[in-house]
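A structural walkthrough
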Amino acid sequence: VTLTAILLSLVTTFTTMAFISTQAPVFAALVIGDDSGGALGWMLTAMGGGGFVGTVLIARFSNFQRKGQLVMVSVAGAGIMLIAMAQVETLLLTMGLIAVQQIFFNTVMITNNTIVQSITVDEMRGRVMGVYMLDIGFQPLGGVIAGILASIYSVSVSWMIGGTACIVSLAVISAFAGPFRRLRI
């Protein structure tokens, strides 16, 4: 169960957040058509707003017990939102989609953190959390992949590939994650 939680956090960070965080300026300039920085500012504002809403929702519904299923649905949602963002060219729609994507992303990160902290024995918690936090360390590598894909194809195609990789990775992990899906905390 712990390994599944760590893998799902890594997949979501590596295939969605790494792509968005490194490619948002290029997306704002080339896809939305605003290289002044205004569109990027609004996109980042929507990201922050979505993250805040996701955090509040998780706090409000902290007694939800099927946390494994919640994480899996949220990983899929984060990937789907990235694919959807790759299809749009307007700022307002991008802002809405990126806010929802951040709700899903924060749900994955916060819920997985809760799962890992709850099921890990005290003697191992520090070591397990150190491994869990590697997902943040791998984000720049995902950004490099996103940049290579964007330079070969386009930012939109790069985001479509990232979102698709997220969903495919979820499907592969899900095939071996029965205990995680059934997890109740």
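Because the structure is predicted, anything quoted here is derived from the model rather than measured.

1. Overview of the overall build of the protein chain
- Looking only at helices and strands, the protein chain has 8 helices and 0 strands in total.
- For 185 residues, the compact-globule estimate of 2.2 N^0.38 gives 16 Å, and the C-alpha radius of gyration of the protein chain, at 16 Å, lies within 12% of that figure.
- Projected onto its principal axes, the C-alpha coordinates of the protein chain cover approximately 50 × 35 × 25 Å.
- For the protein chain, buried positions account for 44% of its 185 residues.
- In the protein chain, the share of contacts with a sequence separation of at least 24, taken over all contacts with a separation of at least 6, comes to 82%.
- For the protein chain, the exposed surface amounts to about 8,800 Å²; the carbon and sulfur share of it is 70%.
- Charge separation in the protein chain, taken as the distance between the mean sites of 8 positive and 6 negative side-chain charges, equals 23 Å.

2. Here we look at the environment of Gly142
- The topology assignment puts Gly142 in helix α6 (residues 134-152).
- Along the backbone, Gly142 and Gly163 are 21 residues apart, and their C-alpha atoms lie at a distance of 12 Å.
- For Gly142, the residues in contact, after removing those within four places along its chain, are Phe14, Ala18 and Phe19.

3. Looking at the nonpolar core
- Within the largest apolar cluster, 47 residues are counted, with the highest numbers of intra-cluster contacts made by Leu8, Met43, Trp159 and Phe180.
- Looking at this core element by element, the count peaks at 11 residues for helix α1 (residues 2-31).
- Setting aside residues up to four positions removed in sequence, Phe180 forms contacts with Val1, Thr4, Ala5, Leu8, Gly68, Gln69, Val71, Met72, Asn112 and Ile115.

4. Some points on a nonpolar patch on the surface
- The grouping of Val131, Leu134, Phe138, Leu141, Val144, Ile145, Ile148, Ile152, Tyr153, Val157 and Ile161 at the surface amounts to a nonpolar patch, some 940 Å² of accessible area in total.
- Elements that contribute at least two residues to the nonpolar patch include exactly α6 and α7 (155-175).
- Take the nonpolar patch: its biggest share by element is 7 residues, from α6.
- Turning to its location among the elements, Ile148 is positioned in helix α6.

5. Quick notes on the environment of Thr55
- The residue Thr55 is located in helix α2 (residues 38-60) in this model.
- Accessibility expressed as a relative area gives 36% for Thr55, which makes it partly exposed.

6. Focus: the pattern of salt bridges
- Applying the stated rule across the entire model yields 1 salt bridge.
- Here Asp122 and Arg125 are joined by a salt bridge, their closest N and O atoms 2.7 Å apart.
- The partly exposed category is assigned to Arg125, whose relative accessible area is 23%.

7. Here we look at the packing of aromatic side chains
- Counted according to the given criterion, the structure contains 1 aromatic pair.
- On the basis of an interplanar angle of 10° and a centroid distance of 4.4 Å, the ring pair of Phe27 and Trp159 is categorised as stacked. In this pair, Phe27 is assigned in helix α1 and Trp159 in helix α7, connecting sequence segments 132 residues apart. The residues Phe27 and Trp159 share a single accessibility class, namely buried.
- For Arg60, the ring lying beneath its charged end belongs to Phe61, and the centroid distance is 5.0 Å.

8. Considerations on α6
- In this model α6 runs 28 Å from its N-terminal to its C-terminal C-alpha over 19 residues, within 8% of the 27 Å that 1.5 Å per residue would give.
- Along α6, the sharpest change in direction is near 30° and occurs at Pro140.
- For α6, every residue scored as buried is listed here: Asp135, Gln139, Gly142, Gly143, Ala146, Leu149 and Ala150.
- Looking at the buried residues of α6, the elements they touch are α1, α4 (91-119), α5 (125-132) and α7.

Rules and cut-offs
- Residues numbered from 1 in each chain as written.
- Predicted model: local features only at pLDDT ≥ 70, side-chain atom pairs only at ≥ 80, totals over all residues.
- Heavy atoms only, no water.
- Helix = DSSP H or I, 4+ residues; strand = E, 2+ residues; numbered from the N terminus.
- Rg over C-alpha atoms; globule rule 2.2 N^0.38 Å.
- Buried < 20%, exposed > 50% of the residue type's maximum accessible area, 1.4 Å probe, protein only.
- Contact = heavy atoms within 4.5 Å.
- Areas by Shrake-Rupley, 256 points an atom, 1.4 Å probe, with all protein chains shown as cover.
- Lys, Arg positive; Asp, Glu negative; His and termini not counted.
- Charge placed at Lys NZ, Arg CZ, Asp CG, Glu CD.
- Core = buried A, V, L, I, M, F, W, Y, C linked by side-chain atoms within 4.5 Å.
- Patch = residues over 30% accessible without salt bridge, like charges linked within 9 Å, V, L, I, M, F, W, Y side chains within 5 Å.
- Salt bridge = Lys/Arg side-chain N within 4 Å of Asp/Glu carboxyl O.
- Phe/Tyr/Trp six-rings, centres within 6.5 Å; stacked < 30°, edge-to-face > 60°.
- Lys NZ or Arg CZ within 6 Å of the ring centre and 35° of its normal.
- Expected span 1.5 Å × (residues − 1).
- Bend = angle between axes of the 7 residues up to and from the residue.

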